[in-house]
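One-letter residues, chain by chain:
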Amino acid sequence: MNDFVRKHWDPDAEGPLQGIKVLDLSRLVAGNMLSLQLADFGADVIKIEPPAGDPLREWKDEGLSLFWKTYGRNKRSVVLNLRETADREALWALVASADVFIENFRPGTLEQMGFGPDKLLVRNPDLVVVRVSGFGQTGPYAAFPGFGTIVEGMSGYAYRTGFPDREPVLPPLALADMIAGVYGMSATMTALFAREKGRARGQVIDLSLLEPIFSVLGPEAAIYALNGTVKERIGSASNTACPRNVYQCADGKYVALSGSTPAVARRIFEIIGRPDMNDDPRFRSNSERLKHRDLVDEAIGAWFAVRSHDEALAIMRDSGATVGPIYNIADATEDAHFSEREVIVSLDDAEHGPLPMHNIVPRLSETPGRFRRPAPGLGEHTAEVLAEVGLSAATVAAITDAGR
């Protein structure tokens, strides 16, 4: 494994979102992805956790809580038992000075707890309330449990993923949550910008997991409405561009290739020794190539099949084709580009020593994100944070003692 560039935690570092206070009551992935991005760029993200902690802490790999180590970085942890009066009052005290409030309870639960958006905005009219749920706050499915797996199926994403002779394939990671987290960060910053410009004060963001992942499917609704076409699974090929697929080389390794522009497609046919295909009516246009995708893949696949992975990549890249390797994580950690670009960096961890994780993204030239603190222990900052909002030492002690 590569020796990754070492970064260091600097609690005094400042980011462009310094001064923005975020209360994150969410659990698992979508809310944590959203608040991670805010935290990486300097927001003071305070994780409000129940005594048992955010369940993301229990997503372990061979006993190691590495999901939390990654998505909990740059945050502070406060434990509050919201069934207790003192803890509820402590949350109200935090709300009064907060800028953003993130929650992902099942729709209606926040209202039952007495913290509905109407009450939050009375207490703090400038608060941006982000409500994360599977299907949104309204509609027939609002009350259904909304884990990403269910949404990935209902969105149409899984139906389109995989091979035509096999079952639909769910992503092997929390894709719907991750996409929703990115959308949520964008929406939160839009709301804060509108507040700064005087176009609004506080407002409520209704962020479902369903709609963001549905949006990445492109114009499928229009295609169905106008053509009556239901797009089917086609493996690693594409319904919109050809050539585009995964091809196996002589040494058993795989490459991904795309010829989504006319010039690149023509170049690929020349590289594989088939310039005649450029003059063949079956392959002259993208639309015709799509109709004869099997013949295109047969010609390209035969070329890769007699060359090693490294040889094929070198020939294709030198000739200007758009091609790349299919990596696993071990391959990525050995790649010079990942190293030189600092895609993966290493930070000190009290349990594991140098711990690799993804760098802060995206990269801003003048106001970059900063590594300020490692993922907190459960309730690590309860006393510190509650004292900051003026709770008495006796009240803080009562809350922290009860939470043990």
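Below you will find a few notes about this structure. Not measured: the values here are computed from a predicted model.

**Concerning the overall build of the chain**
Within the chain one finds 17 helices and 12 strands. Taking the principal axes of the C-alpha coordinates as reference, the chain spans close to 85 × 50 × 40 Å. Residues classed as buried in the chain amount to 45% of the 404 residues present. Within the chain, counting contacts between residues at least 6 apart in sequence, those at least 24 apart form 69% of the total. Working note: accessible area of the chain is about 20400 Å², and carbon and sulfur atoms make up 54% of it. Counting 43 positive and 54 negative side-chain charges, the chain places the averaged centre of each group 4 Å from the other.

**Notes on a nonpolar patch on the surface**
A cluster of nonpolar residues, Tyr 141, Phe 144, Phe 147, Ile 150 and Met 154, forms a patch on the protein surface that exposes about 530 Å² of accessible area. Structurally, Ile 150 is set in helix α6 (residues 148-154). By relative accessible area, Ile 150 is classed as partly exposed at 41%.

**A closer look at the pairing of strand β12 (residues 353-358)**
Note that strand β11 (residues 344-349) and β12 share 6 bridges and pair antiparallel. The residue bridging Ile 344 from the neighbouring strand is His 358, located in β12. Linking two consecutive strands that pair antiparallel, namely β11 and β12, is a turn of 3 residues.

**Remarks on the sheet that holds strand β9 (residues 254-258)**
The 3 strands are arranged β8-β9-β10 in an open sheet whose pairing can be described as antiparallel. Both outer strands of the open sheet, β8 (244-248) and β10 (322-325), are each paired with one neighbouring strand and no more. Across the sheet, the mean angle from the axis of one strand to that of its neighbour is 25 degrees, orientation sign disregarded. Where β9 lies against β10, 4 bridges are found, and the strand directions are antiparallel. Following the sheet pairing, Leu 257 is matched in β10 by Val 323. With respect to the sheet, helix α13 (residues 309-318) is in contact with β9 and β10, its orientation differing from that of β10 by roughly 155 degrees.

**Side note on α13**
Within α13, the full set of buried residues consists of His 309, Ala 312, Leu 313 and Met 316. End-on, the buried residues of α13 take up no more than an arc of 100 degrees, which puts them together on one face. Across α13 from its buried face, at more than 90 degrees, point the exposed residues Asp 310 and Asp 318. In this structure, the buried residues of α13 make contact with β9, α10 (262-271), α12 (293-305) and β10.

**Description of the packing of helix α1 (residues 30-40) against helix α7 (residues 175-196)**
Close contact between α1 and α7 brings their axes to 7 Å; oriented N to C, the two are set at 45 degrees. As the angle between them shows, α1 and α7 are arranged oblique. By crossing handedness, the relation of α1 to α7 is classed as right-handed. Here Ala 30, Met 33, Leu 34, Gln 37 and Leu 38 of α1 come into contact with α7, specifically with Asp 177, Met 178, Ala 180, Gly 181, Val 182, Gly 184, Met 185, Thr 188 and Met 189.

**Observations regarding the environment of Leu 121**
Looking at the secondary structure, you find Leu 121 in helix α5 (residues 117-123). The contact partners of Leu 121, leaving out residues within four places of it in the chain, are Leu 127, Gly 202, Gln 203 and Val 204.

**Some points on the packing of aromatic side chains**
Scanning the entire structure with this criterion turns up 9 aromatic pairs. Taken together, a centroid distance of 5.0 Å and an interplanar angle of 85 degrees make the contact between Trp 303 and Phe 304 edge-to-face. Across this residue pair, the class does not change: Trp 303 and Phe 304 are buried. Positioned over the ring face of Trp 92 is Arg 123, at 4.3 Å from the centre of the ring.

**Observations concerning the pattern of salt bridges**
Throughout the structure, instances matching the rule amount to 21 salt bridges. Lys 47 is the salt-bridge partner of Asp 24, the closest N and O atoms lying 3.4 Å from each other. Remark: Lys 47 occurs in strand β3 (residues 44-49) and Asp 24 occurs in strand β2 (residues 21-24); sequence separation between them is 23 residues. The buried category is assigned to Lys 47, whose relative accessible area is 0%. When salt bridges with common partners are traced through the structure, they connect Asp 44, Arg 76, Glu 384 and Glu 388 into a single cluster.

**Focus: the sheet that holds β12**
To summarise the sheet geometry, strands pair through backbone hydrogen bonds and adopt either a parallel or an antiparallel arrangement. If you trace the 3 strands from one edge of the open sheet to the other, you get β1-β11-β12, paired in mixed fashion. Each end of this open sheet is capped by a strand with a single partner; those strands are β1 (5-7) and β12. When the angles between neighbouring strand axes are averaged without regard to direction, this sheet yields 40 degrees.

**Details of the state of the cysteines**
In the structure shown here, the tally under the stated rule is 0 disulfides. Among the cysteines around Cys 242, which has no disulfide bond, Cys 249 carries the closest sulfur, lying 18 Å off. According to the relative accessible area criterion, Cys 249 is buried, its value standing at 4%.

**Notes on the side chain of Ser 77**
Positionally, Ser 77 belongs in strand β4 (residues 75-79). Within the local environment of Ser 77, its side chain forms a polar contact with the backbone nitrogen of Gly 379, the two atoms lying 2.8 Å apart. Apart from residues no more than four positions distant in its own chain, Ser 77 is found in contact with Lys 47, Glu 49, Arg 57, Pro 376, Gly 377, Leu 378, Gly 379, Glu 380, His 381 and Thr 382.

Quick notes on the rules
- Per chain, residue numbering runs from 1 following the sequence as it is written.
- In keeping with the model being predicted, local features are shown solely for residues with a pLDDT of at least 70 and side-chain atom pairs are shown and tallied solely at 80 or more, while totals for entire chains, interfaces and linings include all residues.
- Here the side-chain values reflect all heavy atoms present in the structure, with hydrogen atoms and water set aside.
- Only runs of H or I of at least four residues qualify as helices and only runs of E of at least two qualify as strands under DSSP, and these elements are numbered from the N terminus.
- Note on classification: 1.4 Å probe, protein chains only; a residue is buried when its accessible area is under 20% of the maximum for its type, exposed when over 50%, partly exposed between these limits.
- Contacts: residue pairs with any heavy atoms within 4.5 Å of one another.
- In this description, accessible areas are obtained by the Shrake-Rupley approach with a 1.4 Å probe, and a residue is regarded as covered only by the protein chains that are shown.
- The charged-residue count follows a simple rule in which Lys and Arg add positive charge and Asp and Glu add negative charge, with His and chain termini not counted at all.
- Charged groups are reduced to one reference atom each: NZ for lysine, CZ for arginine, CG for aspartic acid, CD for glutamic acid.
- Candidate patch residues must exceed 30% relative accessible area and have no salt bridge, after which like charges are joined if within 9 Å and Val, Leu, Ile, Met, Phe, Trp or Tyr side chains if within 5 Å.
- Definition used for salt bridges: Asp or Glu carboxyl oxygen within 4 Å of a side-chain nitrogen of Lys or Arg.
- Whether two strands pair comes down to DSSP finding at least two bridges between them.
- Geometry is summarised by axes, namely lines fitted to C-alpha atoms with helices restricted to the contacting stretch, and by angles between N-to-C directions that run from 0 to 180 degrees.
- Think of the arc as the fan of directions from the helix axis to the C-beta atoms.
- To sort the angles, those under 35 degrees are grouped as roughly parallel, those over 145 as roughly antiparallel, those from 65 to 115 as roughly perpendicular, and the leftovers as oblique.
- Left-handed describes a crossing whose near helix is turned anticlockwise from the far helix by less than a right angle; the clockwise case is right-handed.
- Between the rings of Phe, Tyr and Trp (Trp by its six-membered ring), a pair exists once the centres lie within 6.5 Å; its type follows the angle of the planes, with under 30 degrees stacked, over 60 edge-to-face, and the other angles tilted.
- Only Lys NZ and Arg CZ are tested; either one counts as a charge over a ring when it is within 6 Å of the ring centre and within 35 degrees of the ring normal.
- Throughout, disulfides are identified as pairs of cysteine sulfur atoms within 2.5 Å of each other.
- Identification of polar contacts relies on pairs of N or O atoms within 3.5 Å, with a donor-acceptor requirement for protein atoms, meaning one able to donate a hydrogen and the other able to accept it, and with residues adjacent in sequence counted only if both atoms are side-chain atoms.

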